[in-house]
Amino acid sequence: MARGSKTSEPPDGLGRFARVWRLTATGLGLALVFTGTVWGQDSDFPFGPFRMYSTRDSPDAPVVTTQIEATTVSGRHLTISGPQTGLRRAEVEGQLGRFVADPALLGSLAVAYQRHHPDDPLVRIEIVRHDYPLRQGQATGVERTTVLASWSRP
Amino acid sequence: MTRLARWWMEPVPSGRVAVFRVLVYLYVPLDVFLFTPWVAQHGGLPTALYQPLTIGRLLHLPTPTHTVVEVVRWLLVATALVAASGRAPRLSGTVVFALYLEWMVVAMSYGKVEHDRFAFLVALAVLPTVGATRFGDRSRSASAGWALRMVQVAVVLTYFLAAWAKIRFGGWDWPTGATLARAIVRRGTVLSTWMLDYPTLLVAGQFLMIGAELCSPLLLLARSDRARCAAVGLLLGFHVSVFAGITIIFLPHVVAIMSLLPSERLRLPGRAERSVQPARDARRDALA
C-alpha cells in the first residue's frame, strides 16, 4: 500500500483512511476470534470457540440423551418437545446443572408450556436421561433410564 | 505488509456485492420465520431461564421479554427487506446488523449456542461498508473486495477453528472417539444409521473431517472463477451430506459461502439492460 499512500487517490479507489480502518478492523476481528478459540467459552458468542461436535466420546461410553417427560392435569403422559415450551432439548441439556440443583426451576417450564396450552397445564415434569451403551463404537441395543430432576405442582 | 494489505483489499467486480447483498438480506426473514422459529419463542419463556452471554452483559442488553422479542423481530424483518432492495445500503445495512446481533443474543442466551452464523454475522457487519452497487457491474472496487474477503476468511475460519476446538476440547485423540456414532444415535436418518454397524468407517470419517478442516485455508488460494465455483460445490456437497446424515445444516453459513461466487456474471432479465445503459451512454458521450 506504500505506493497508494504517496498519491491522494490510489488506483484501487480506497484512500489512506479507508485502508487503515479496514486493516485495523480486520486485525481486531482476527484477534478476538483467535482469543475466543484458545481461551473463550460458548458464552463469548460470537467470538467463542467453534465447538460443534468438539468433545470426544469414548467408543465404550454410553450415548446419553435427555427427555422432558410430563403429566398434565387431565392425566395425560407426554414427552415435551422444544416447540411446546420454547426451550429446545439442547437448551435443557445446556442448563441441566441448574435444573438438577434447583428442580423448582422446572416450574418455569410448566409456565411456558401453559402459555402454549392453556387448557391442559402440566402438574409434573421429569428430566429423564437415557443411556444407550456402545461397545467399541457400535450400538448394543440396550437402553437405561435415570430421572435427573423432578418437579410437581405444589 | 504491503502485499498482505493488498490481498485483503484486492479489487473485485462490485456486481458481486450487489448479488451477495440480496442473498444475505433476503435470508434474514427466512431465518426468522422459517428456519429458526424457536428464536421468537424465547420471548414466551420466563426470564428465570435467561442465561445472558458475555456480550449481553457487557452491552447491558435488555432481558428478552415478549415485547422486546416482537419489536426486534418485526423491525429486523422490515429493515432487512429495505436493505435487500438496495436502498440506503449503508444505513439500512447497519441497522440490520445491530438488530440481527440482538436477535442472536435472544437466540443463544438459553443454554445452547449455535456455531453456524459467524460468517453470516461478519457479512452483515461488512456489507454496509460498501456503497451502492449495481447487478452485473464488472468495474472493480477495493471496498467490495475487502468486504467479500472478510466473509470468505470468516467461512474458512469456521472450519479451521472448529478443528482447533476439537483438539482443545476433545484432545489429540478426538478422531478415534465415537463422536459421529453419538451424533447418529441422537439424530441419525435412514441414510446414516446403517453406519453404526461399521465403527471403523465412522472413525475414518472423523479423520477425514478434522483433516479437511485443517486444510480449509487452502480455499483462499482459489483464484480463478472456475476454482471458486468448484470450492462452493465442494462445501455445499459437505453440508448437504451432513444434513442427509444427521439433519443439521449450517444455513446462514451456506449463504456466506456464496461470497466466493463470481456472481457479477449472473444475467438477470430486466436488470441486465439497465446496468448496461450507463456504459453505453458514456461511450456515446466519448464519441460526441
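No experiment lies behind these values; they were computed from the predicted model shown.

What counts and how
- Residues numbered from 1 in each chain as written.
- Chains lettered and ligands numbered in written order.
- Predicted model: local features only at pLDDT ≥ 70, side-chain atom pairs only at ≥ 80, totals over all residues.
- Helix = DSSP H or I, 4+ residues; strand = E, 2+ residues; numbered from the N terminus.
- Rg over C-alpha atoms; globule rule 2.2 N^0.38 Å.
- Buried ≥ 20, exposed ≤ 12 C-beta atoms within 10 Å, placed from the backbone.
- Contact = placed C-beta atoms within 7 Å.
- Nonpolar A, V, L, I, M, F, W, Y, C, P; charged D, E, K, R; others polar.
- Expected span 1.5 Å × (residues − 1).
- Core = buried A, V, L, I, M, F, W, Y, C linked by C-beta atoms within 7 Å.
- Pairing = 2+ DSSP bridges.
- Axes fitted to C-alpha atoms, helices over the stretch in contact; angles between N-to-C directions.
- pLDDT = per-residue confidence, 0-100.
- Parallel < 35°, antiparallel > 145°, perpendicular 65-115°, else oblique.
- Left-handed = near helix turned anticlockwise from the far one by under 90°.

With respect to the overall build of chain A
The number of helices and strands found in chain A is 6 helices and 6 strands. If you list the helices and strands of chain A from N to C, you get α-α-β-β-α-α-α-α-β-β-β-β. Against the 2.2 N^0.38 benchmark of 15 Å for 154 residues, chain A shows a C-alpha radius of gyration of 25 Å, more extended than a compact globule. Summarising its shape, the C-alpha atoms of chain A cover approximately 80 × 45 × 25 Å along the three principal directions. Across the 154 residues of chain A, 25% fall into the buried class. Long-range contacts, defined here as pairs at least 24 residues apart, represent 55% of the contacts in chain A between residues at least 6 apart.

Re the interface of chain A and chain B
Between chain A and chain B, the contact holds 49 residues from the first and 56 residues from the second. Contributions of two or more residues to the side of chain A that touches chain B are made by α2 (16–39), β1 (63–72), α4 (89–94), α6 (106–116) and β5 (138–139) of chain A. Here the element with the most residues in the side of chain A that touches chain B is α2(A); it accounts for 6 residues. Residues of the side of chain A that touches chain B, tallied by class, amount to 21 nonpolar, 17 polar and 11 charged.

Re unusual backbone geometry
Across the junction of A:F45 and A:P46, the peptide omega takes the value 0°, indicating a cis bond. Relative to the elements of secondary structure, A:P46 occurs in the loop between α2 and β1. Here A:Y53, not a glycine, exhibits a phi torsion of approximately 50°, which is positive. Counting through the fold element by element, A:Y53 comes out in the loop between α2 and β1. In this structure, B:T247 takes a positive phi of about 50° despite not being glycine.

What to know about α2(A)
In this model α2(A) runs 34 Å from its N-terminal to its C-terminal C-alpha over 24 residues, within 8% of the 34 Å that 1.5 Å per residue would give. Turning to α2(A), its buried residues number three or more, namely A:R19, A:R22, A:V33, A:G36 and A:T37. Check the buried side of α2(A) and you find it contacts α1 (2–8) and α8 (142–170) of chain B.

So, the nonpolar core
Side chains of nonpolar character tend, in soluble globular proteins, to be buried together. Judged by nonpolar contacts, the single largest core of 74 residues is most densely connected at B:V96, B:A123, B:A147, B:V151 and B:A154. Those elements giving two or more residues to this core turn out to be α2 (15–35), α3 (38–41), α5 (66–84), α6 (89–108), α7 (118–126), α8, α10 (199–215) and α12 (251–257) of chain B. At 17 residues, α8(B) tops the list of elements feeding residues into this core. Residue contacts for B:V151: discarding those within four places in its chain leaves B:A119, B:V122, B:A123, B:V126, B:A256 and B:S259. Formed by 19 residues, the second largest nonpolar core is a distinct cluster that contains A:A70, A:I80, A:Y113 and A:I125.

Description of the sheet that holds strand β3 (residues 122–132) of chain A
All names here are of chain A. In space, the 4 strands of this open sheet follow the order β2-β1-β3-β6, with antiparallel pairing throughout. For this open sheet the edge positions go to β2 (77–80) and β6 (144–152), each flanked by a neighbour on one side alone. With direction set aside, neighbouring strand axes in the sheet form an average angle of 30°. With 8 bridges connecting them, β3 and β6 associate as antiparallel partners. Looking at the pairing, D131 lines up with R144 of β6.

What to know about the environment of A:F34
In this structure, A:F34 sits in helix α2. Remark: the alpha-carbon pair of A:F34 and A:G48, spanning 14 residues in sequence, is separated by 8.8 Å.

What to know about the confidence of the model for chain A
Note: predicted coordinates in regions of low pLDDT should not be interpreted at a detailed level. Scored by pLDDT, chain A comes out at a mean of 86, with 92% of its residues at no less than 70. Segment residues 1–11 of chain A: pLDDT under 50, and 9 contacts once partners within four positions in sequence are set aside and those in other chains are kept.

Some thoughts on the environment of B:M9
Residues and elements named next belong to chain B. By secondary structure assignment, the location of M9 is in the loop between α1 and β1 (12–13). When the 27 C-beta atoms within 10 Å are taken as the criterion, M9 is described as buried. Expressed as a C-alpha distance, the spacing of M9 and A144, which sit 135 residues apart in the sequence, is 8.1 Å.

Comments concerning the pairing of β2(A)
Residue and element names in this part refer to chain A. Where β1 meets β2, 4 bridges bridge the pair, whose relative direction is antiparallel. Looking across to β2, one finds that I68 is bridged to I80. In this antiparallel pair of consecutive strands, β1 and β2, the connection spans 4 residues, and G75 shows a positive phi of 95°.

Quick notes on the pairing of β3(A)
Examined bridge by bridge, β1(A) and β3(A) share 10 bridges and lie antiparallel to one another. Bridged to A:T65 within β3(A) is A:H130.

Re the packing of α7(B) against α8(B)
Residue and element names in this part refer to chain B. In the contact formed by α7 and α8, the axes pass within 8 Å of each other and the chain directions differ by 165°. Considering their axes alone, α7 and α8 lie roughly antiparallel with respect to each other. Taken as a pair, α7 and α8 cross one another with a handedness that is right-handed. Listed contacts from α8 to F118, A119, V122, A123 and V126 of α7 are A147, M150, V151, A154, V155 and T158. Taken together, the residues of the contact of α7 with α8 sort by class into 10 nonpolar, 1 polar and no charged.

Concerning helix α11 (residues 225–246) of chain B
Counted at 1.5 Å a residue, the expected span for α11(B) with its 22 residues is 32 Å, and the 32 Å between its end C-alpha atoms agrees. Two residues or fewer past α11(B), B:T247 is found with a positive phi of approximately 50°.

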